[in-house]
Amino acid sequence: MKKGLVMEGGAMRGMFTCGVIDVFMENGITFDGAVGISAGAVFGCNYKSKQIGRPLRYNKTYCKDKRYGSIVSLLKSGNLYDAKFCYEDLPDELDVFDTKTFKEDPMEFYVGATDVKTGKCLFHKCEDGGKEDTQWMRASASMPVVSRIVKIGNNELLDGGIADSIPLKFMEEKGYDRNVVILTQPKGYKKSKNKLLPLMRIALKDYPLMVDALEKRHVMYNHEVADIEKKEARGAIFVIRPPQALNIGRTSKDPEELQRVYDIGRSTALRQLDALKAFLNGEENRQIKEDKDMDQKVRRHFRFYGTVQGVGFRFQAMMAAESLGLTGFVKNENDGSVTMEIQGSEEEIQSAIDLIANSRFIRIERTESELIPLVEHESSFGAEYW
C-alpha cells in the first residue's frame, strides 16, 4: 500500500490546505508521496520540509508588501508576485526554507506546471528544494496574464492548474493506491468558463494549444471533481474539503482573513482526523461497491457531422484520449464527417467527447454512436488517414 497526498491550488484558498497539513504534521501523519499544483505546490512543500506554520507566517507578514501580489509588482517586474522576492529573498533570507530537511525526508514530492507549447501538464519530482525545484514551484503558481512564462531547460511553463487542477490520476499512475485529496472548494462547486479568456487569448496568441487548454479548463476541472466524488463515495480515496465557500480573494491583503481560512483548514482536519487515520491504516469507512457502469470497459464507434474536418479534430481527439488513458483511433471520411472508435469506461469516453466538443473551432452538429466489440491488447490511440 502506497499512501499519497494530492493538494489542489487556488491562490489564497491555499491557506485552508496549510491548516490541514499542519494538523497532519502535528499528529504524525506521513505519506509516501505528494503532489501539489500552484498554491498546493508552493505551500505544500513545507510538508516535506516539516515547517509547521511557515506559509501562514510569511503570508501574514508580507501580504501587504508591494512585491507580494500587487499591481506595482506586475508593472515593475511583469509578475504579480515578484519572482526575486518570492523565490529568492523570502526562502533564502526572510523566512528560510529548510532545504536540508526537505532533501532528507523520504516522501516523494511532485509539482505540476503547464507547458505553454503543448497545453499539457508536466510533472517534476523535487529532490532537494534547491533552485531548480523552486523554479518549478514558481512555474506551477504562475497565473496567466499576470505572470511571465517561466523557462526551465527547454520547457516554457505556467500555472499547473490549467491542464491538471487536481492530479489524482497522476498519483494513481505512479502506484499510489491510498490517496488523500485536499480540495479548496466545497462539495457541489462547479467551475465556469473563465471570464478573462478574451484577454488570455491575446496575451497567449503565440501558444494556441495553451489557449485551447484554458478554454477547456472548466470542463477538465469538473470532470476531475466528478471522478473524485465517485471514488470518495466508494471509499477508494479520502477527501478533505472546506465545509462551505472560503470567500477569500486570490491575493488577499488581510492577515485576519488569511488566519480565518487557515483556521477553517485546521478545524476541518481535526474533525476528520480519526476517520483519516482509519483510512490510512487500511480500514474501510464504508463498504466499497463496484460501480459497473463506471468501471466496465466498452468500445464505441462514433461518426461526427458538422465543422469537424480541417479544425484539428483528430489532434484534439488524440490529446483527449491520451489524457484519459483511452485507446482506439480517429479518421476523416470522404463525406466530411469524422469517425472514431474509442475504448474505455463510458464515463471516460464521455469526458473525451466533452473535451473535443469544447475545442474552439470544432462544431459538432450531429453524432451517431453504437457499441461495438472490444479490441484486446490495444495500447494506444492514433489517427488514421485516407
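Predicted model, so just to flag it, every value in this text is computed and none were measured.

Caption draft 1: Local environment of the nonpolar core. Counting residues in each nonpolar core, the largest one holds 61 residues, and the members touching the most others are L5, F24, F31, Y47, F109 and V180. Ranked by the residues each element gives to this core, the list is headed by helix α1 (residues 14–26), at eight residues. Leaving out residues up to four positions away in the same chain, F24 has contacts with L5, I29, F31, Y47, V180, I182, I240, A269 and L276.

Caption draft 2: Spotlight on the sheet that holds strand β13 (residues 381–384). Here we have five strands laid out as an open sheet, ordered β12-β9-β11-β10-β13, and mixed in their pairing. Strands with a single pairing partner mark the edges of an open sheet, and in this sheet they are β12 (363–372) and β13. For this sheet, the mean angle separating the axes of adjacent strands, direction not counted, is 20 degrees. Relative to strand β11 (residues 338–345), strand β10 (residues 327–332) runs antiparallel, the two sharing six bridges. Residue pairing in the sheet places T327 in a bridge with Q343 of β11. Relative to β13, helix α16 (residues 313–324) is tilted by about 165 degrees, and along the sheet it contacts β9 (297–307), β10, β11, β12 and β13. On top of the sheet, helix α17 (residues 346–357) reaches β9, β11 and β12; it is set at about 140 degrees to β11, its chief contact.

Caption draft 3: Focus on α16. In this model, α16 (12 residues) spans 17 Å end to end at C-alpha, consistent with the 16 Å of a helix rising 1.5 Å per residue. Burial in α16 covers these residues: F313, Q316, A317, M319, A320, A321 and L324. Following α16 by one or two positions, G325 has its phi on the positive side, about 70 degrees.

Caption draft 4: Representation of a nonpolar patch on the surface. On the surface, a cluster of nonpolar side chains totalling about 250 Å² of accessible area is made up of V145, L196 and L199. With respect to the helices and strands, V145 occurs in the loop between α8 (131–140) and β5 (150–152).

Caption draft 5: Looking closely at the environment of G112. With respect to the helices and strands, the residue G112 is situated in strand β3 (residues 108–115). With relative accessibility at 0%, the residue G112 sits in the buried group. Through-space distance from the C-alpha of G112 to that of L157 is 9.6 Å; in sequence the pair is 45 residues apart. If sequence neighbours within four positions are ignored, G112 has contacts with G36, I37, C121, L122, F123, S140 and G160.

Caption draft 6: Representation of the packing of aromatic side chains. Tallied over the entire structure, the rule returns 14 aromatic pairs. Ring centres of F102 and F109 lie 6.1 Å apart, and the angle between their planes is 75 degrees; this geometry places the pair in the edge-to-face category. Of the two residues examined, F102 and F109, each falls in the buried class. Consider the rings of F304 and F313, whose centres lie 5.1 Å apart with planes at 50 degrees: the pair is tilted. Taking the relative accessible area as the measure of exposure, F304 reaches 1% and is therefore buried.

Caption draft 7: Structural detail: the state of the cysteines. Enumeration over the complete set of coordinates arrives at zero disulfides. Free cysteine C45: the closest other cysteine sulfur is in C126, separated by 7.9 Å. Accessibility expressed as a relative area gives 4% for C45, which makes it buried. Free of any disulfide, C63 has its nearest cysteine sulfur in C86, 12 Å distant. Residue classification places C63 among the buried residues on the basis of a relative accessible area of 2%.

Caption draft 8: Local environment of the environment of T339. Assignment of secondary structure puts T339 in strand β11. Distance from T339 to A203, taken between C-alpha atoms, is 35 Å for residues 136 residues apart in sequence. With residues up to four places along the chain from it excluded, the contact list for T339 reads H301, F302, R303, F329, V330, K331 and E333. At 2.7 Å, the side chain of T339 and the side chain of E333 are in polar contact.

Caption draft 9: Structural context of the pattern of salt bridges. Under the definition given, this model contains 25 salt bridges. Here D206 makes a salt bridge to K205, at a shortest N to O gap of 3.7 Å. Under the relative-accessibility criterion, K205 is labelled exposed at 58%. Among the salt bridges present, the one from R360 reaches E215, with a minimum N-O distance of 3.8 Å. Remark: E215 occurs in helix α11 (residues 208–215) and R360 occurs in the loop between α17 and β12; sequence separation between them is 145 residues.

Caption draft 10: Quick peek at the packing of α16 against α17. Contact geometry for α16 and α17: axes closest at 9 Å, N-to-C directions at 145 degrees. Between α16 and α17 the crossing geometry is right-handed. Of the residues in α17, those in contact with F313, Q316, A317, A320, S323 and L324 of α16 are E348, S351, A352, L355 and I356. Of the residues contributing to the contact of α16 with α17, the split by class is seven nonpolar, three polar and one charged.

Rules used in this analysis
- Residues numbered from 1 in each chain as written.
- Predicted model: local features only at pLDDT ≥ 70, side-chain atom pairs only at ≥ 80, totals over all residues.
- Heavy atoms only, no water.
- Core = buried A, V, L, I, M, F, W, Y, C linked by side-chain atoms within 4.5 Å.
- Buried < 20%, exposed > 50% of the residue type's maximum accessible area, 1.4 Å probe, protein only.
- Helix = DSSP H or I, 4+ residues; strand = E, 2+ residues; numbered from the N terminus.
- Contact = heavy atoms within 4.5 Å.
- Pairing = 2+ DSSP bridges.
- Axes fitted to C-alpha atoms, helices over the stretch in contact; angles between N-to-C directions.
- Expected span 1.5 Å × (residues − 1).
- Patch = residues over 30% accessible without salt bridge, like charges linked within 9 Å, V, L, I, M, F, W, Y side chains within 5 Å.
- Areas by Shrake-Rupley, 256 points an atom, 1.4 Å probe, with all protein chains shown as cover.
- Salt bridge = Lys/Arg side-chain N within 4 Å of Asp/Glu carboxyl O.
- Phe/Tyr/Trp six-rings, centres within 6.5 Å; stacked < 30°, edge-to-face > 60°.
- Disulfide = S-S within 2.5 Å.
- Polar contact = N/O pair within 3.5 Å; in protein donor to acceptor, adjacent residues only side chain to side chain.
- Left-handed = near helix turned anticlockwise from the far one by under 90°.
- Nonpolar A, V, L, I, M, F, W, Y, C, P; charged D, E, K, R; others polar.

Without other data, these values stay purely geometric and don't point to any function.
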